[in-house]
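In case you want the letters, here they are:
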Amino acid sequence: MHPLVTQDDINTFQRDGVVLIKGLFADHVETIRAGIERNMDEPGPYAAENLKEGEGGRFFDDYCNWNRISEFEHVIRNSDAGEVAADLMQSKRVQVFHDHVLVKEPGTSKPTPWHQDGPYYFVDGMQNVSFWSPMDTVKGASLRCVAGSHAWEKPVLPTRWLAETSFYPNDDEYMPVPDPDAEGMAIREWEMEPGDAVAFNYGTLHGARGNTTDTRRRAFSLRLVGDDARYVERPGPTSPPFPGHNMTPGQILREDWFPVIYQR
């Protein structure tokens, strides 16, 4: 077991679908910050500005850039994230799925909507983990996760953040997006320092408050998968889409696109 991880952390992750790992990327903060700046200066094809006209601040996000931004690749291959992921997932091998950058500039009041990542993805299986790590001290603008939501019988309807429309045509196969605050759900959130990481399952419902402070809130996310991850077809284009992947249902994610970064 990695020194940053305890058996209680593993039990909590398995039970609640979310746990805090202090200092996971603490030795890589400056590298990640440099990668984020490069990403914002040179956005990829999936970059988005997530504010409507008239909304204050700036909410930038982009993903799938690790193989063109060397700082991200360095962190993915040289940090302890792979080994920690293997411990939490109870998996023998760990593959990269994708990276994700989310930046809320000062005065960005818009929250990140409640959602699960899993329904957007073409990955099936329970052995997966997302690490969400702030590159700035966060208090009110931290990630918020609903404990136990990864075990709900029905997935939450995936929506487009700006248009607020359904991502897929078969709405009846999903439950409506809940309001965890109004419904009294068990929400986990932490004050965090740069390099700390919230680890959560792809099925965990999560969101984030707006950034009403006078400082930036830069976050780096890393999505990883384990032994039971398999390609699955969805009723529409997935996000990320990974065009031309040529995988078939039930297949392990192709290692030339989704490399193994840790193996026991």
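Everything below is about the structure shown above.
Quick caveat, the model's predicted, so the values are computed rather than measured. (Residues numbered from 1 in each chain as written. Predicted model: local features only at pLDDT ≥ 70, side-chain atom pairs only at ≥ 80, totals over all residues. Heavy atoms only, no water.)

(A) Structural detail: the pattern of salt bridges. For the structure shown, the criterion picks out 19 salt bridges. The shortest N-O distance in the salt bridge between arginine 15 and aspartate 16 comes to 3.0 Å. Judged by its relative accessible area of 53%, arginine 15 is exposed. The closest approach of N and O atoms between arginine 144 and aspartate 181, which form a salt bridge, is 2.9 Å. Here the residue arginine 144 occupies a position in strand E8 (residues 143-146), and aspartate 181 occupies one in the loop between E8 and strand E9 (187-189), the gap between them amounting to 37 residues. On the basis of relative accessibility, which here comes to 7%, the residue arginine 144 falls in the buried class. (Salt bridge = Lys/Arg side-chain N within 4 Å of Asp/Glu carboxyl O. Buried < 20%, exposed > 50% of the residue type's maximum accessible area, 1.4 Å probe, protein only. Helix = DSSP H or I, 4+ residues; strand = E, 2+ residues; numbered from the N terminus.)

(B) Broad picture of helix H3 (residues 70-78). Among the residues making up H3, those that are buried are Glu71, Phe72, Val75 and Ile76. The arc enclosing the buried residues of H3, seen along the axis, measures out at 130°, which places them on a common side. Contacts from the buried residues of H3 go to helix H2 (29-41), strand E4 (93-104), strand E12 (217-225) and strand E14 (260-263). (Arc of directions from axis to C-beta. Contact = heavy atoms within 4.5 Å.)

(C) Structural context of the packing of helix H1 (residues 7-16) against helix H4 (residues 81-89). Interaxial distance between H1 and H4 falls to 8 Å at its minimum, and their mutual angle equals 65°. One way to sum up the angle between H1 and H4 is to call them roughly perpendicular. Within the contact between the two elements, H1 uses Asp9, Ile10, Phe13 and Gln14 and H4 uses Asp87, Leu88 and Met89. Looking at the contact of H1 with H4 residue by residue, the classes come out as four nonpolar, one polar and two charged. (Axes fitted to C-alpha atoms, helices over the stretch in contact; angles between N-to-C directions. Parallel < 35°, antiparallel > 145°, perpendicular 65-115°, else oblique. Nonpolar A, V, L, I, M, F, W, Y, C, P; charged D, E, K, R; others polar.)

(D) Spatial organisation of the sheet that holds strand E11 (residues 206-208). As summarised here, the arrangement of the four strands in space is E5-E11-E8-E9, forming an open sheet in which the pairing is antiparallel. Edge positions in the sheet fall to strand E5 (112-115) and E9, since each has one partner strand and no second. Ignoring strand direction, the axes of neighbouring strands in this sheet form an average angle of 20°. The pairing of E8 with E11 spans three bridges and is classified as antiparallel. Among the inter-strand pairings, cysteine 145 is bridged to a residue of E11, identified as histidine 206. (Pairing = 2+ DSSP bridges.)

(E) Here's a closer look at the nonpolar core. Within the largest apolar cluster, 36 residues are counted, with the highest numbers of intra-cluster contacts made by Phe25, Ile36, Leu88, Val129, Phe131, Ala199 and Leu224. Counting residues per element, this core draws most heavily on H4, which supplies six residues. Ignoring sequence-local partners within four residues, the contact set of isoleucine 36 consists of Phe72, Val101, Val103, Met135, Arg218 and Ala219. Ranked by size, the runner-up nonpolar core spans 15 residues in total, among them Tyr63, Phe122, Tyr231 and Met247. (Core = buried A, V, L, I, M, F, W, Y, C linked by side-chain atoms within 4.5 Å.)

Read these as geometric descriptors, not functional statements.
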